[in-house]
Amino acid sequence: MRHRSTIPGGTCDFDLPDFSFWLSLPNSEREATLTQWLGLLRPLCDSIAELLWLTRQSGRIRTETAVNGVFHITFERNNPVQLLRVAIAPLYDNAFAPSPRRVRMFLAEKGLSFERVEVDIAAGATSSAEFLAVNPLGEVPVLELDDGTRLTESLAICRYIEALHPEPPLLGVSPLEQARIEGMVLGLMFRLYLPTTHAFRHTHKFWQGRIEQVTAYGELARQQVIGEWQRLDAHLASSAFMAGERFSLADIVGFTTLEFGKVVGIRPQATQLHLLRWRDTIAARPSAAA
Ligand SMILES: N[C@@H](CCC(=O)N[C@@H](CS)C(=O)NCC(=O)O)C(=O)O
């Protein structure tokens, strides 16, 4: 039949009369024949499924990285059963929000590819029952690991990635460098990122009707952010990057916050030359487009 199917008219009623007759039977009769045929194959399908299950359960999972998308392995000749499972950890992401952008930049700096699941915050997807089952906090980013474990909190996700892929180091190498970066990251999160989000939430029309807005509080937060960037401009006069002479997570946190500040009209001032120099340096990195 497969042979005849490739020829135009090869399955017409006089060419394959049995098949043509079968096609003319009522649906219920044809379904019954199909079920009968498949019934013969069922034990075979079940045993294959069972064998695959046993193979998967008895294997030891090893995580590999396909550097620049390339992974090469030579299978052992004497090992009768070898199974390769390809899975890319999905990142629950949002193209416009600053917190997932931190993780995207971090992954890009490490040269790691990942699968994105876009969660549409504007459409309310973060409060859907489906997403709350993924993260009860209703926030992105969430990184889902091979075994189903889900990591929330952008900074914790970055720390996890750093531990698995230490090069290039983005959280510092020496104890002193690590402490400096951590100190700067925390300072940026508390004194800059949080007030920026508060300014956004309490003054922007996007949140009107979604949350209770306290405009005066939002304005206060905005002034705090402006003052903090002024302080950081002075800090950057004697520091190439946010936490010393090397690019780090602190620059990612600072840069994504500065970019996000645009929604509430916060931009570096023409007089903030060090801040402008730093912003342009980070913006020129390929990861800034992540
Ligand atoms: N602490 C969290 C903050 C995450 C967060 O605030 N995510 C925002 C986007 S930047 C979010 O998902 N908001 C969803 C919403 O407000 O509905 C982290 O750093 O991962």
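About the criteria used
Residues numbered from 1 in each chain as written. Predicted model: local features only at pLDDT ≥ 70, side-chain atom pairs only at ≥ 80, totals over all residues. Helix = DSSP H or I, 4+ residues; strand = E, 2+ residues; numbered from the N terminus. Expected span 1.5 Å × (residues − 1). Buried ≥ 20, exposed ≤ 12 C-beta atoms within 10 Å, placed from the backbone. Contact = placed C-beta atoms within 7 Å. Bend = angle between axes of the 7 residues up to and from the residue. Pairing = 2+ DSSP bridges. Axes fitted to C-alpha atoms, helices over the stretch in contact; angles between N-to-C directions. Domains from an automatic or database assignment. Core = buried A, V, L, I, M, F, W, Y, C linked by C-beta atoms within 7 Å. Parallel < 35°, antiparallel > 145°, perpendicular 65-115°, else oblique. Left-handed = near helix turned anticlockwise from the far one by under 90°. Nonpolar A, V, L, I, M, F, W, Y, C, P; charged D, E, K, R; others polar.

Enquirer: Could you clarify how one ought to interpret helix α4 (residues 98-109) in this entry?
Expert: Working note: α-helix, 3.6 residues per turn, so residues spaced by three or four point in the same direction. For α4, with 12 residues, the first-to-last C-alpha span of 16 Å sits near the 16 Å given by 1.5 Å per residue. Counting buried residues in α4 gives 11 out of 12 residues, a clear majority hidden from the surface. Buried residues of α4: Pro98, Ser99, Pro100, Arg101, Arg102, Val103, Arg104, Met105, Phe106, Leu107 and Glu109, and no others. On its buried face, α4 sits against β1 (90-93), α6 (154-164) and α9 (249-260).

Enquirer: For this particular structure, what's the right way to read helix α7 (residues 175-203)?
Expert: Along its 29 residues, α7 runs 41 Å from first to last C-alpha, staying within 8% of the 42 Å computed at 1.5 Å per residue. Along its length, α7 reaches its greatest deviation from straightness, about 35 degrees, at methionine 189.

Enquirer: Could you clarify how one ought to interpret the sheet that holds β1 in this entry?
Expert: Sheet strands pair via backbone hydrogen bonds, and the direction of the pair is either parallel or antiparallel. With mixed pairing, the four strands of this open sheet are ordered in space as β2-β1-β3-β4. Every interior strand has two partners, whereas the edge strands, β2 (115-118) and β4 (150-152), have only one. Across this sheet, the average inter-strand angle for adjacent strands is 25 degrees, counted without regard to direction. By the bridge criterion, four bridges tie β1 to β2 in an arrangement that is parallel. In the sheet register, aspartate 93 faces β2, and the bridge partner there is glutamate 118.

Enquirer: I would appreciate a short explanation of the domain arrangement of the chain in the present structure.
Expert: For interface size, the figure often reported is the accessible area lost on association. As far as domains go, the chain holds domain 1 (90-164) and domain 2 (175-289). Taken together, the contact pairs nine residues of domain 1 with 10 residues of domain 2. For the side of domain 1 that touches domain 2, the secondary structure elements donating two or more residues are α4 and α6. Per element, the largest residue contribution to the side of domain 1 that touches domain 2 is seven residues, and it comes from α4.

Enquirer: How should I be thinking about the nonpolar core in this particular structure?
Expert: Within the largest apolar cluster, 44 residues are counted, with the highest numbers of intra-cluster contacts made by Phe106, Leu249 and Ala250. Taken together, the elements giving at least two residues each to this core come down to β1, α4, β3 (142-144), α6, α7, α8 (215-235), α9 and α10 (273-283). With eight residues, the single largest contributor to this core is α7. Both domain 1 (90-164) and domain 2 (175-289) contribute no fewer than three residues apiece to this core. Sequence-distant contacts of alanine 250, that is, excluding residues within four places in its chain, are made with Ile181, Met184, Val185, Leu188, Met242 and Ala243.

Enquirer: What should I look at first to understand the packing of α4 against α9 in this one?
Expert: Angle between the axes and distance between the axes: these two values describe a pair of packed helices. Interhelical geometry of α4 versus α9 gives an angle of 140 degrees and a closest axis separation of 9 Å. Regarding the angle of α4 to α9, the classification is oblique. The crossing of α4 and α9 is right-handed. Mapping the contact onto sequence places Pro98, Arg101, Arg102, Met105 and Phe106 in α4 and Leu249, Ile252, Val253, Thr256, Thr257 and Phe260 in α9. Across the contact of α4 with α9, the residue classes break down as seven nonpolar, two polar and two charged.

Enquirer: I'm lost on the environment of isoleucine 181 in this one. Help?
Expert: Among the structural elements, isoleucine 181 can be located in helix α7. Taking the C-alpha atoms as reference points, isoleucine 181 and alanine 250, 69 residues apart in sequence, are found 6.1 Å from one another. What isoleucine 181 contacts, discounting residues up to four positions off in sequence, is Leu171, Gly172, Ala243, Ser248, Leu249 and Ala250.

Enquirer: Help me out: how do you make sense of the packing of α7 against α8 in this one?
Expert: With their axes 7 Å apart at the nearest point, α7 and α8 run at an angle of 145 degrees to one another. Crossing angle aside, the handedness with which α7 passes α8 is left-handed. For the pair α7 and α8, the contacting residues are Arg191, Leu192, Pro195, Thr196, His198, Ala199, Arg201, His202 and Thr203 in the first and Thr215, Tyr217, Gly218, Glu219, Ala221, Arg222, Gln224, Val225 and Glu228 in the second. A breakdown of the residues in the contact of α7 with α8 according to their chemical character gives six nonpolar, seven polar and five charged.

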